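Below, each chain spelled out in residue letters.
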Amino acid sequence: ASRWHSMLLHEVLRKRLAGFQLRGNAPGAKDRPATRAEKIGHATRGHPRFRALCEDPRLIRMLEALIGPNPIWYGDMALCKPPRIGTDKPWHQDSAYFPYEPFGHGVGVWIALDDAAVANGCMQVLRGGHKLGPKRHVHLTDCTIEPGRVDVGGAEPIEMEAGGILLFSPLLPH
């Protein structure tokens with residue numbers, strides 16, 4: 001039954017997500033179509049509801065309080081991580097993915113579309129880790145902080161209900 005559900009979900013996603021840039025997370029996936037939607041790049045270009053989330057005046061006010069007036073929208077993506085499908089996301093800093101400087105002037109925004117709890121693999125962070133500056137990253141199965149560069153023993157889970165929002169530094173290891 002789970003294979004049938006996966007196939008059905010993929011078919012529904014393919015029809016509903018026309019116009020989105022879909023990519024899988026597996027090695028080499030950037031060069032071939034996704035077999036399931038793991039990442040939706042530029043979601044705001046494909047659907048007005050995603051665009052409305054990014055332009056919500058409440059979000060803009062929060063960003064302006066953190067980094068000043070007229071924040072620049074660098075990019076967006078939706079990560080789809082259903083239970084028992086896909087892979088863990090290794091420890092990283094978003095600054096390793098997005099080439100803008102100075103690194104500390106950006107703000108990552110995570111809006112939970114589903115409840116995120118320890119039981120279903122919510123994000124974990126190293127509280128205060130952004131103060132340690134950028135860390136060297138390597139590309140193993142994915143972009144990850146070089147082993148031994150951070151102590152993840154003090155990782156804290158970030159549980160959120162659907163609709164919750166987390167604002168964080170692009171230097172925060174998570």
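Relevant structure appears above.
Residues numbered from 1 in each chain as written. Predicted model: local features only at pLDDT ≥ 70, side-chain atom pairs only at ≥ 80, totals over all residues. Heavy atoms only, no water.

## Side note on the overall build of the chain
Thought 1: A count of helical and extended segments in the chain gives four helices and nine strands.
Thought 2: Helices and strands appear in the chain in the N-to-C order α-β-β-α-α-α-β-β-β-β-β-β-β.
Thought 3: Looking at the 174 residues of the chain, the share that counts as buried comes to 27%.
Thought 4: The long-range share in the chain, meaning contacts at least 24 apart out of those at least 6 apart in sequence, stands at 73%.
Thought 5: Summed over all atoms, the accessible surface of the chain reaches about 12000 Å², with 55% contributed by carbon and sulfur. (Helix = DSSP H or I, 4+ residues; strand = E, 2+ residues; numbered from the N terminus. Buried < 20%, exposed > 50% of the residue type's maximum accessible area, 1.4 Å probe, protein only. Contact = heavy atoms within 4.5 Å. Areas by Shrake-Rupley, 256 points an atom, 1.4 Å probe, with all protein chains shown as cover.)

## Digging into the environment of Cys122
Thought 1: Secondary-structure assignment places Cys122 in the loop between strand E4 (108–111) and strand E5 (124–125).
Thought 2: Along the primary structure Cys122 and Pro157 are separated by 35 residues, whereas in three dimensions their C-alpha atoms are 6.5 Å apart.
Thought 3: Apart from the residues lying within four places of it in its own chain, the contact partners of Cys122 are Ala116, Ala117, Pro157, Ile158 and Glu159.

## A short note on the nonpolar core
Thought 1: Core analysis: the largest hydrophobic core is formed by eight residues, namely Ala112, Met123, Val125, Ile158, Met160, Leu166, Phe168 and Leu172.
Thought 2: Ignoring sequence-local partners within four residues, the contact set of Leu172 consists of His92, Gln93, Val125, Leu126, Gly128, Gly129 and His130. (Core = buried A, V, L, I, M, F, W, Y, C linked by side-chain atoms within 4.5 Å.)

## Regarding unusual backbone geometry
Thought 1: Positive phi outside glycine occurs at Asn70, with the angle close to 55 degrees.
Thought 2: Within the element layout of this structure, Asn70 appears in the loop between helix H4 (57–67) and strand E3 (77–79).

## Topic: the side chain of Asp94
Thought 1: Tracing the backbone shows Asp94 in the loop between E3 and E4.
Thought 2: Lys89 provides the closest opposite charge to the buried, unpaired Asp94, separated from it by 7.5 Å. (Lys, Arg positive; Asp, Glu negative; His and termini not counted. Salt bridge = Lys/Arg side-chain N within 4 Å of Asp/Glu carboxyl O.)

## Here we look at the packing of helix H3 (residues 48–55) against H4
Thought 1: The N-to-C vectors of H3 and H4 enclose an angle of 40 degrees; their axes lie 5 Å apart at closest approach. On the basis of the axis angle, H3 is oblique to H4. Mapping the contact onto sequence places Leu53, Cys54 and Glu55 in H3 and Pro57, Leu59 and Ile60 in H4.
Thought 2: Here the residues of the contact of H3 with H4 sort into five nonpolar, no polar and one charged. (Axes fitted to C-alpha atoms, helices over the stretch in contact; angles between N-to-C directions. Parallel < 35°, antiparallel > 145°, perpendicular 65-115°, else oblique. Nonpolar A, V, L, I, M, F, W, Y, C, P; charged D, E, K, R; others polar.)

## Structural notes on H4
Thought 1: Sitting at the amino-terminal end of H4 is Asp56, which places a side-chain oxygen 2.8 Å from the backbone nitrogen of Arg58.
Thought 2: Just downstream of H4 lies Gly68, where phi reads positive at about 105 degrees. (Polar contact = N/O pair within 3.5 Å; in protein donor to acceptor, adjacent residues only side chain to side chain.)

## Brief notes about the pattern of salt bridges
Thought 1: The final tally for this structure, using the stated rule, is six salt bridges.
Thought 2: Here Glu55 makes a salt bridge to Arg51, at a shortest N to O gap of 2.7 Å. Pair noted here: Glu55 and Arg51 are both in helix H3, with a separation of four residues, about one helical turn.
Thought 3: Look at Arg51 and you get partly exposed, because its relative accessible area is 34%.
Thought 4: Each of the salt bridges in this network shares a partner with another, and the network as a whole consists of Arg136, Glu146 and Arg149.

## Digging into the environment of Val109
Thought 1: Examined against the element boundaries, Val109 turns out to sit in strand E4.
Thought 2: On the basis of relative accessibility, which here comes to 34%, the residue Val109 falls in the partly exposed class.
Thought 3: With residues near it in sequence (within four places) discarded, Val109 still touches Leu59, Leu63, Ile165, Leu166, Leu167 and Phe168.

Distances and angles like these do not, on their own, reveal function.
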